[in-house]
Amino acid sequence: MTDMYLDSTDPSENVGQIHFSLEYDFQNTTLILKVLQGKELPAKDLSGTSDPYVRVTLLPDKKHRLETKIKRRTLNPRWNETFYFEGFPIQKLQSRVLHLHVFDYDRFSRDDSIGEVFLPLCQVDFAGKQSFWKALKPPAKDKCGELLSSLCYHPSNSILTLTLIKARNLKAKDINGKSDPYVKVWLQFGDKRVEKRKTPIFTCTLNPVFNESFSFNVPWEKIRECSLDVMVMDFDNIGRNELIGRILLAGKNGSGASETKHWQDMISKPKQTVVQWHRLKPE
């Protein structure tokens, strides 16, 4: 189950290193993690520095997500913080993967990912305290997968129909190398969300077949002002559901987006079903 995190290759892009230590308290079945420092992190801010912090997770338990304090304006932060994971018998611990994810804090927008480390705990000798310097891997920019969908518009009754047919090669979000995908769709006018729909959840697959149709009432004079925000999500029993990837199907004025080709084809061929593959974007 931890094979997907085993990677002996050097990162293609240098995004710094992180220093941490691990020890195990057998008597109290507690893992003790010390996040010590980072070095040579990339600058994410205009000032030529970053405001780094570390998010700590024991995969696949996304519920137990912890964070260090933010260190301001530095590329060589010293956190020196200790985290305790209590109630973890050694057998349970060895099926977990330690995920350290370094972010640059941004007050006004989404925090930037700097780099991450995955350490399968089955590789760690807990007979004594272990200290690690690990090269951070750049944030995953790999493909999120593709979604096959169709659009159809009937001007006579003002019905816009979106059919989500299937997805392929979705990004794995779970420790088993799979995801539990479903699709969430918002009908939007400009930046205003009006109506939401969801497909059922498909478990343990990267190639789900949805075959779900959603119909929306959109008058002809507003068809170029609306958009469909289509989000492929990974369902999680414990933590928050995660975005796998999304597409925006839009009229010219929808959310400030330019008209997509799929939308153009739909308008130019009223009453016809127009099918197209879309490459999912990470956000």
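Residues numbered from 1 in each chain as written. Predicted model: local features only at pLDDT ≥ 70, side-chain atom pairs only at ≥ 80, totals over all residues. Heavy atoms only, no water.

Brief notes about the packing of aromatic side chains
- A complete count under the given rule lists 6 aromatic pairs for this structure.
- Taking the centre distance of 4.7 Å and the plane angle of 90° together, the rings of Tyr24 and Phe26 count as edge-to-face.
- Measuring from centroid to centroid gives 5.9 Å for Tyr24 and Phe126, while their planes differ by 55°, and the two rings are tilted. Taken together, the positions of Tyr24 in strand 1 (residues 17-25) and Phe126 in the loop between strand 7 (112-120) and strand 8 (130-135) put the pair 102 residues apart, joining distant regions of the chain. Note on accessibility: Tyr24 and Phe126 belong to one class, buried.
- One aromatic cluster is present, formed by Tyr24, Phe26 and Phe126 through successive ring pairs.
- Above the plane of the ring of Trp133 lies Lys39, whose end atom (NZ or CZ) is 4.8 Å from the centre.
- The lysine or arginine in question, Lys92, covers the ring of Phe88, its NZ or CZ lying 4.6 Å from the ring centre. (Phe/Tyr/Trp six-rings, centres within 6.5 Å; stacked < 30°, edge-to-face > 60°. Helix = DSSP H or I, 4+ residues; strand = E, 2+ residues; numbered from the N terminus. Buried < 20%, exposed > 50% of the residue type's maximum accessible area, 1.4 Å probe, protein only. Lys NZ or Arg CZ within 6 Å of the ring centre and 35° of its normal.)

A short note on the environment of Leu100
- On the secondary structure map, Leu100 appears in strand 6 (residues 97-104).
- It is 35 Å that separates the C-alpha atoms of Leu100 and Trp277, two residues lying 177 residues apart in sequence.
- For Leu100, the contacting residues outside a window of four places in its chain are Ile18, Phe20, Leu33, Val54, Arg55, Val56, Gly115, Glu116 and Val117. (Contact = heavy atoms within 4.5 Å.)

A short note on the side chain of Ser179
- Here Ser179 lies in the loop between strand 10 (159-168) and strand 11 (181-189).
- For Ser179, a relative accessible area of 0% gives the class buried.
- Engagement of the side chain of Ser179 in a polar contact is seen with the backbone oxygen of Lys171, the distance being 2.9 Å.
- In this view, Ser179 contacts Lys171, Ala172, Lys173, Asp174, Phe202, Thr203, Cys204, Thr205, Leu206, Asp234 and Ile244; residues no more than four positions away in its chain are not counted. (Polar contact = N/O pair within 3.5 Å; in protein donor to acceptor, adjacent residues only side chain to side chain.)

Side note on the sheet that holds strand 2 (residues 30-39)
- Pairing within the open sheet is antiparallel, and its 4 strands lie in the order 5-2-1-8. Every other strand in the sheet has two partners, leaving strand 5 (78-86) and strand 8 as the edge strands with one partner each. For this sheet the average axis-to-axis angle between neighbouring strands, irrespective of direction, equals 20°.
- Pairing between strand 1 and strand 8: 6 bridges, direction antiparallel. Paired with Gln17 across the strands is Ala135, a residue of strand 8. (Pairing = 2+ DSSP bridges. Axes fitted to C-alpha atoms, helices over the stretch in contact; angles between N-to-C directions.)

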